[in-house]
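What follows is the residue order along each chain.
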Amino acid sequence: MSQGFTFSTIAESSYVLIGLLDTVKPMILVTGATGTIGSHLVPLLAESGADVRAMSRRQGFDFEDAESLKRAVDGVDTVFLLSAPGKTAEHDLALLEVAQHVRKVVKISAIHTGEPGFELTSSWHLPGEQALRSSDLMWTILRPTTFASNALAWLPQIQAGEPVPSYYGDGTNGVVDPRDIAAVAAKALLTDDHDNQTYTLTGPELLSTAQQVDILSEVLGKPLTTMDISPEQARTSMLAQGMSPDSVDFMLKGFEIVRNGGNAVVTDHVEHVLGRPPATFRNWAQDTLNTLTAKS
Ligand SMILES: NC(=O)c1ccc[n+]([C@@H]2O[C@H](COP(=O)([O-])OP(=O)(O)OC[C@H]3O[C@@H](n4cnc5c(N)ncnc54)[C@H](OP(=O)(O)O)[C@@H]3O)[C@@H](O)[C@H]2O)c1
C-alpha cells in the first residue's frame, strides 16, 4: 500500500464518481419554447427533473442566426425541434446542420406529410423529416392534425358578437389539444420507447367548424354562429392582409383538403403513448376559455 490506497478508498472514490455522474443530467433543447406546444412542454420536462434549455428569439436564439444555433445545441443530448410556420423547412435544416452530435431529435411535423396528394402542404415539414430519417440520429416524428388552440383566432368575432368564419364547409378535423402533443413529446424525449417512430396525433373525435363553434357556444354560455367563406373570398381576404401569393396558395390547398374530407382522420396514437385517451375539444375549451368568459 505504498500509495496509501486501500480497496475501500478506491471503492469510496468510485462511489463519489458515480454520484457525480448521476448529477450530470442530459440536456434537452426545446425550440419554439414560448409557443403553443413549447410553453406546455418546458414545464412538463422541468417537473420530471430534466435539464432544459429553452430556445426562442426571446431567449436570444434565432433559427436565422447560425452562431446562436451553435450556442443553442452546445452540450445538448436531445432536441425538441419545432419550427414556426413559414420558413419551417429552412429552419429545421439549419438546426439539424449544427446538431449532428446530439443523440435524438423529436420533430413536430404535420398530418399527411409526404403522403400522395399532399405535395404542396408537405413542403414545410418533409425536408426536415427526410433529413432526420437519413441521419445517424435517433428520431421521433410527431404529425399533429389541426390544433384546438387554432380556435383562439375566432376570439375577435366571438367577442364582437359576429359570425365565426368557416373555411372548411362541412369538412371535419380530428382536432387535437396542444397539451397532448406536448405530453407525447415529453415521453419521446425522456424515454427511448418511441425512437424511430412516426405518430399522427389527433383528438378523439371528428369536428366541423360549426360543431366546434357549437361547443364554444355551450362553454361560453352565449349563442354563436358561423359564416361560410368560399375559397375565392378567402383568397381575396388573405391577399388584402398582405400574405404572399405562395402562402395564400398553401392555405387554400389546406382548406380544400379539409373541405373534401381529406383530413377526417382520428388515430389512437396519443393513447398509445400516454396510456389515456386524448382530450376532447370541449376539455380544451373549458380549461382555456373559462378565463376569457368575462371578456367575451
Ligand atoms: N396549428 C396547427 O393546427 C398545426 C397543425 C399541424 C402542425 N403544426 C405545426 O406546429 C408548429 C407550431 O406552429 P404554431 O403556429 O403553433 O407556432 P408556435 O409554436 O406557437 O410559435 C412558434 C415558436 O417558435 C419561436 N420562433 C419563431 N420564429 C423563430 C426564429 N426565427 N428563431 C427562433 N425561434 C423562433 C417563437 O418564439 P419567439 O417569437 O420568441 O421567437 C415560438 O416559440 C409548426 O411547425 C406548424 O407547422 C401546426
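Residues numbered from 1 in each chain as written. Predicted model: local features only at pLDDT ≥ 70, side-chain atom pairs only at ≥ 80, totals over all residues.

Draft legend 1. Expanded view of the overall build of the protein. Scanning the protein for helices and strands turns up 13 helices and ten strands. Taken over 296 residues, the protein has a buried fraction of 37%. In the protein, the share of contacts with a sequence separation of at least 24, taken over all contacts with a separation of at least 6, comes to 78%. (Helix = DSSP H or I, 4+ residues; strand = E, 2+ residues; numbered from the N terminus. Buried ≥ 20, exposed ≤ 12 C-beta atoms within 10 Å, placed from the backbone. Contact = placed C-beta atoms within 7 Å.)

Draft legend 2. Just the pairing of strand 4 (residues 104-108), in detail. In terms of burial, strand 4 is a largely internal element, five of the five residues being buried. Burial along strand 4 is two-sided: Lys104, Val106 and Ile108 facing one way and Val105 and Lys107 facing the other are all buried. The pairing of strand 3 (residues 76-81) with strand 4 spans four bridges and is parallel. In the sheet register, Val79 faces strand 4, and the bridge partner there is Val105. (Pairing = 2+ DSSP bridges.)

Draft legend 3. Spotlight on the site of the ligand. Within the structure, the ligand sits among 26 residues, and Gly32, Gly35, Thr36, Ser56 and Arg57 are positioned closest to it. By residue class, the composition of the shell around the ligand is twelve nonpolar, ten polar and four charged. Residue assignment places the shell around the ligand across two domains, with domain 1 (13-144) and domain 2 (145-176 + 202-264 + 280-296) each supplying three or more. (Near = placed C-beta within 6 Å. Nonpolar A, V, L, I, M, F, W, Y, C, P; charged D, E, K, R; others polar. Domains from an automatic or database assignment.)

Draft legend 4. Spotlight on the sheet that holds strand 8 (residues 197-201). What the six strands build is an open sheet, ordered 2-1-3-4-5-8; its pairing is parallel. This sheet does not close on itself; its edge strands, each paired only once, are strand 2 (51-55) and strand 8. Neighbour to neighbour, the strand axes of the sheet diverge by 15° on average, direction disregarded. (Axes fitted to C-alpha atoms, helices over the stretch in contact; angles between N-to-C directions.)

Draft legend 5. Molecular detail of helix 3 (residues 66-73). Taken together, the buried positions of helix 3 are Leu69, Ala72 and Val73. Down the axis of helix 3, the smallest arc covering the buried residues is 85°, so these residues share one side. Projecting away from the buried face of helix 3 at angles above 90 degrees are the exposed residues Glu67 and Lys70. Contacts from the buried residues of helix 3 go to strand 1 (27-31), strand 2, strand 3 and helix 4 (88-97). A positive backbone phi angle near 75° is found at Gly75, which sits one or two residues after helix 3. (Arc of directions from axis to C-beta.)

Draft legend 6. Representation of the environment of Leu69. Mapped onto the fold, Leu69 is located in helix 3. Measuring from C-alpha to C-alpha, the distance between Leu69 and Leu95 comes to 6.5 Å, with 26 residues separating the pair along the chain. Ignoring anything within four residues of it in the chain, the contact list for Leu69 reads Phe63, Ala94, Leu95 and Val98.

Draft legend 7. The nonpolar core, seen in detail. Counting residues in hydrophobic clusters, the biggest one holds 60 residues, and the most contacted among them are Val30, Leu41, Phe80, Val105, Leu142, Val184 and Ala185. Per-element accounting of this core gives the leading share, eight residues, to helix 8 (residues 178-190). Looking at which domains feed residues into this core, each of domain 1 (13-144) and domain 2 (145-176 + 202-264 + 280-296) gives three or more. Setting aside anything within four residues of it in sequence, one finds Leu41 in contact with Val30, Phe80, Ala182, Ala185 and Ala186. (Core = buried A, V, L, I, M, F, W, Y, C linked by C-beta atoms within 7 Å.)

Draft legend 8. Structural view of the packing of helix 2 (residues 38-47) against helix 8. Axis separation between helix 2 and helix 8 bottoms out at 9 Å; the angle between their running directions is 40°. The angle between the axes of helix 2 and helix 8 places the two elements in the oblique class. With respect to the hand of their crossing, helix 2 and helix 8 are arranged in right-handed fashion. On helix 8, the residues touching His40, Leu41, Leu44 and Leu45 of helix 2 are Pro178, Arg179, Ala182, Ala183, Ala185, Ala186 and Leu189. Grouping the amino acids of the contact of helix 2 with helix 8 by side-chain chemistry returns nine nonpolar, one polar and one charged. (Parallel < 35°, antiparallel > 145°, perpendicular 65-115°, else oblique. Left-handed = near helix turned anticlockwise from the far one by under 90°.)

Draft legend 9. Summary view of the packing of helix 10 (residues 231-240) against helix 11 (residues 245-259). It is at 10 Å that the axes of helix 10 and helix 11 come closest, and there the two elements cross at 150°. When the axes of helix 10 and helix 11 are compared, the pair comes out roughly antiparallel. When you trace helix 10 past helix 11, the crossing you get is right-handed. Across the interface between the two elements, Pro231, Ala234, Arg235, Met238 and Leu239 from helix 10 touch Val248, Met251, Leu252, Phe255 and Glu256 from helix 11.

Draft legend 10. Quick look at the environment of Val102. For Val102, the position within the fold is in the loop between helix 4 and strand 4. Residues Val102 and Ile28, spaced 74 residues apart in sequence, show a C-alpha to C-alpha distance of 9.8 Å. Not counting residues up to four positions away in its chain, the partners in contact with Val102 are Val73, Val76, Asp77, Thr78, Val79 and Leu137.

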